[in-house]
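# Structural characterization, general
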Amino acid sequence: MSVPKPSPLRVAVIGAGPSGFYAADALLKQREDVSIDLFDRLPTPYGLVRYGVAPDHQKLKSVTKLYERTCSDPRVRFLGNVEFGTDLTHEDVRKHYHAVVYAVGAPSDRHLGIPGEDKAACLSATEFVAWYNGHPDYVDLEVPLDAESVAVVGVGNVAVDVARVLAKSVDELAETDMADYAIEHLRTSRVTDVYMLGRRGPAEAKFTTKELRELGELGNADIVVLPEELEVSDDSMKAIEGDTTRLKNLEVLREMAAKPLEGKPRRLHIRFCVSPREIEGGERIAAVKLERNRLEATESGYMQSVGTGDFETLPAQLLLRSVGYRGTALPGVPFDTRKNVIPNDRGRVLAAAGGAPVPGEYVAGWIKRGPTGVIGTNKADAIETVEQLLADELPAVSAEDASAAAVDQLLRTRGVRAFDFEHWMALDKHEQEAGKASGRPRVKVTAVDDMLRFAATEV
Ligand code: NAP
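The present account deals with the structure reproduced in this document. (Residues numbered from 1 in each chain as written. Predicted model: local features only at pLDDT ≥ 70, side-chain atom pairs only at ≥ 80, totals over all residues. Heavy atoms only, no water.)

### Side note on the overall build of the chain
Note the threshold: Only runs of H or I of at least four residues qualify as helices and only runs of E of at least two qualify as strands under DSSP, and these elements are numbered from the N terminus. The globule rule is 2.2 Å times the number of residues to the power 0.38, and the radius of gyration it is compared with is taken over C-alpha atoms. Three exposure classes are used, based on accessible area relative to the maximum for each residue type with a 1.4 Å probe and protein chains only: buried under 20%, partly exposed in between, and exposed over 50%. In this description, contact between two residues means that some pair of their heavy atoms is separated by no more than 4.5 Å. Calculation of accessible area relied on Shrake-Rupley with a 1.4 Å probe; when residues are assessed, cover is drawn exclusively from the protein chains displayed. The positive count covers Lys and Arg only, the negative count covers Asp and Glu only, and His and the chain ends enter neither. Charge placement uses NZ in Lys and CZ in Arg. For Asp and Glu, CG and CD serve respectively.
Looking only at helices and strands, the chain features 16 helices and 20 strands. Over its C-alpha atoms the chain spans a radius of gyration of 23 Å, differing by no more than 12% from the 23 Å that the globule rule assigns to 459 residues. Counting only C-alpha atoms, the chain reaches 70 × 55 × 40 Å along its principal axes. When burial is assessed residue by residue, the chain has 54% of its 459 residues classed as buried. Across the chain, every contact between residues at least 6 apart in sequence was considered, and the portion connecting residues at least 24 apart equals 75%. Summing over all exposed atoms, the chain offers an accessible surface of approximately 20,000 Å²; the carbon and sulfur share of this is 50%. Separation of charge centres in the chain, based on 57 positive and 71 negative side chains, amounts to 2 Å.

So, in C-alpha cells, the structure goes:
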C-alpha cells in the first residue's frame, strides 16, 4: 500500500558530507512537515570538507557554516558514529523511514593496473589526503617521506592538492589544521622533486586555473614545465573550443614554461603525454617506467592517449596515484559495477541500470553521478534528487515505526553510541580552542575513542 503524503515525512540521509547536507537543506526548504535523520559512520560531520579539502585551503571549509545552520533546524538530527549496513541496515531504514537518500560519496580509488603497484611506497592520493587530514581510518598509514623524488599520477585537482602539500615547506603547513602527526612527519621530509604526470596533453588536463596558478606561486618550490610538452594539436584545440578554463590553463602553463628557475629548495614538475607502465625496484620503489603518448581524436572528438613505444625512466621513491575516486556498494542497495555508482534516474534509485525505480530510495552526490565537480556542484544535484522524492508516492510506514524514539531504541539495543550535533559542537569548540594557542584554525582530534569522549550523554 502507498500513501501519497505522510506527515511528518521521515527521511534518513546516509552520509553527512556536502551532498547529504544539501539534500537535508533542500528537504527543509521544500517541505514544512519533514523530519530528517542525517547519519554518518564517523562521529564528525562534513565528510570531504573535513577529510578531503586541503588544509591550506581553509576558505573552502567555511561552507560548514551553512551546514551548521541546517543542523540547527529542529527538524534535523545528526547521528554520527552510526555505520550503514551494520549499526543501521537497509531493512531498518525501510522500516523506520518513508524515504532514504544515500549520499555516501566515493570512498575508494581507482588503480593503474601496472606491475609494481602493490609496493608499499605506492599509495593512492585518497589515502594520502585522508592521512594528512586526520581521518581516523588512516592515522597509521605509512608514508615514506624519505623519498627525494615523488611521482603523482594524474593532473586533476586532487593531484594538484597532494603535489602542493609535498612541495610546501612544513612551516607553511604548520599553520593549518593538518593533523599534528602529519605535520611532524612532513618535518622529516626529504622530498626535493614532485612530478605530476598527465597521460594526455596540457589542453586535456583536468585541474582548474586557480589551482594551477597557485602551483606557480609557491614560496618553497620552483615550477618546471617543459615547453616541448605544451605543443597542442588542431584536434585538441578544437576539442576545447569555448572551454575558458582549459584555454586559460594553456596560457598559465606557457607562462610557467617561460619562467626561469629561482633556485627554491624544491621543484614541482608538470609533465604531459606520459603514462606509467611499470613501477621498478625491489621492496622499495626506485623508478617509474614511463611511456610517451600521442593523442588521437576518437569519433566523438575525445582526445585519447596512445602509447608510442618510446620509454623513459623517472627516478622516484614514492608514487601517489591520483586518477580518481571510486564509489563502492552499500549492503542491500543496488550498485552499477561498471560506473561505480548507485543506478539512478535523476536521483531515484533503480533496481539495476535502466531498470525500475525502487520506491522510497534516492541517491545524491558522487555516489549518484560519479566523482566529479566541486562542493557546490552537489547543491543542484541534491535539489534534483529531493524534487523526485517529493513528487513520488512513498511506501507506508506505521506511525510507531516512523518515529525518532523508535530509531533511538533500535540503536540503543544494538549498543550503538550515536554522536549528535551537540556532541559535535563540543568537539568542534575543543578543536578550535586547541588551535588558538598556535594561531591555527583547529587542532584535529583524530581517534574515534577520543571524539566519543565529547558525547556527554548517550542517545
Ligand atoms: P579528476 O579531475 O577526474 O582527475 C583525474 C585525473 O586522473 C585526470 O588527469 C585523468 O586523466 C587521470 N587519470 C585517470 N585514469 C588514469 C590512468 N589510468 N593513468 C593516468 N592518468 C589517469 O579527479 P580528481 O583529481 O580526483 O578530482 C575529483 C573531483 O574533485 C574533481 O571534480 C575536482 O575538480 C574536485 N576537486 C576540486 C578541488 C578544488 O576545487 N580545489 C580540489 C580537489 C578536488 P584523463 O583526463 O586522461 O582521464
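From this point on, the discussion continues.
### So, the site of the ligand
Note the threshold: Only heavy atoms are used to decide nearness, and a residue is near a molecule or strand if one of them lies within 4 Å of it. For this analysis, a polar contact is any N or O atom pair within 3.5 Å, provided that within protein one partner can donate a hydrogen and the other can accept it, and provided that sequence-adjacent residues contribute only side-chain to side-chain pairs. Any residue outside Ala, Val, Leu, Ile, Met, Phe, Trp, Tyr, Cys, Pro, Asp, Glu, Lys and Arg is labelled polar, Gly included; the first ten of those are nonpolar and the last four are charged.
Neighbouring the ligand are 22 residues, the closest being Val155, Asn157, Arg199, Arg200 and Gly373. Asn157 places a side-chain nitrogen or oxygen 3.0 Å from an oxygen atom of the ligand. Backbone polar atom of Ser322 to an oxygen atom of the ligand: 3.4 Å apart, as the coordinates give it. Taken by itself the ligand offers 930 Å² of open surface, and the protein chains cover 84% of this. Top contributing element to the shell around the ligand by residue count: helix 6 (residues 157–167), with 3 residues. Grouping the constituent residues of the shell around the ligand by class yields 9 nonpolar, 7 polar and 6 charged.

### Thoughts on the packing of aromatic side chains
Heads up, the rule is: Aromatic pairs are defined between Phe, Tyr and Trp rings, using the six-membered ring for Trp, whenever the two ring centres lie within 6.5 Å; interplanar angles under 30 degrees are classed as stacked, those over 60 as edge-to-face, and all others as tilted. A ring is scored as having a charge over it whenever the NZ atom of a lysine or the CZ atom of an arginine sits within 6 Å of its centre and within 35 degrees of its normal.
Going through the model one piece at a time under the given rule, you end up with 12 aromatic pairs. Judged by centre distance (5.9 Å) and plane angle (40 degrees), the rings of Tyr46 and Tyr67 are tilted. Here Tyr46 is found in the loop between strand 3 (34–39) and helix 2 (48–51), whereas its partner Tyr67 is found in helix 3 (residues 64–72), with 21 residues between them in sequence. Note on Phe78 and Phe421: the rings are 6.2 Å apart at their centroids and 85 degrees apart in plane angle, and the pair reads as edge-to-face. With Phe78 in strand 4 (residues 76–79) and Phe421 in helix 15 (residues 421–436), this residue pair connects regions lying 343 residues apart in the sequence. One exposure class covers both Phe78 and Phe421, and it is buried. An aromatic cluster is present here, built from Phe21, Tyr22, Tyr46, Tyr67 and Trp424 joined pairwise through their rings. Taking NZ or CZ as reference, Lys289 lies 4.6 Å from the ring centre of Phe311, over its face.

### Considering the side chain of Asn133
Position of Asn133 among the secondary structure elements: in the loop between helix 5 (125–132) and strand 8 (149–153). Setting aside anything within four residues of it in sequence, one finds Asn133 in contact with Arg50, Tyr51, Gly52, Val53, Pro55, Lys61, Ala179 and Lys444.

### Brief notes about unusual backbone geometry
Each neighbour pair has its own omega, and for Ser7 with Pro8 the value is -5 degrees, a cis peptide bond. Counting through the fold element by element, Pro8 comes out in the loop between strand 1 (2–3) and strand 2 (9–14). Backbone geometry places Asn81, a non-glycine residue, at a positive phi of 65 degrees. Looking at the element boundaries, Asn81 is found in the loop between strand 4 and helix 4 (90–96). In this structure Asn81 comes out as buried when scored by relative accessible area, which is 17%. Phi is positive for Asn340, which is not a glycine, with a value near 55 degrees. Tracing the backbone shows Asn340 in the loop between strand 16 (325–326) and strand 17 (344–345).

### Topic: the environment of Leu330
Inspection of the secondary structure puts Leu330 in the loop between strand 16 and strand 17. With sequence-adjacent residues up to four places away left out, Leu330 is seen in contact with Phe84, Tyr102, Val104 and Ile342.

### Points about the sheet that holds strand 13 (residues 287–297)
The following threshold applies: In short, DSSP must find at least two bridges between two strands for them to pair. As a rule, the C-alpha atoms of each element are fitted with a line to give its axis, helices using only the stretch in contact, and angles between N-to-C directions run from 0 to 180 degrees.
Overall, antiparallel pairing links the 3 strands, which are arranged 12-13-14 in an open sheet. Looking at the sheet topology across the chains shown, the edges are occupied by strand 12 (274–280) and strand 14 (303–315). Strand-to-strand, the axes of this sheet are offset by a mean angle of 25 degrees, without reference to chain direction. Pairing analysis gives 10 bridges linking strand 13 to strand 14, with the strands arranged antiparallel. Bridging across to strand 14, Leu290 finds its partner in Glu312.

Function cannot be read off these values alone, since they describe shape.
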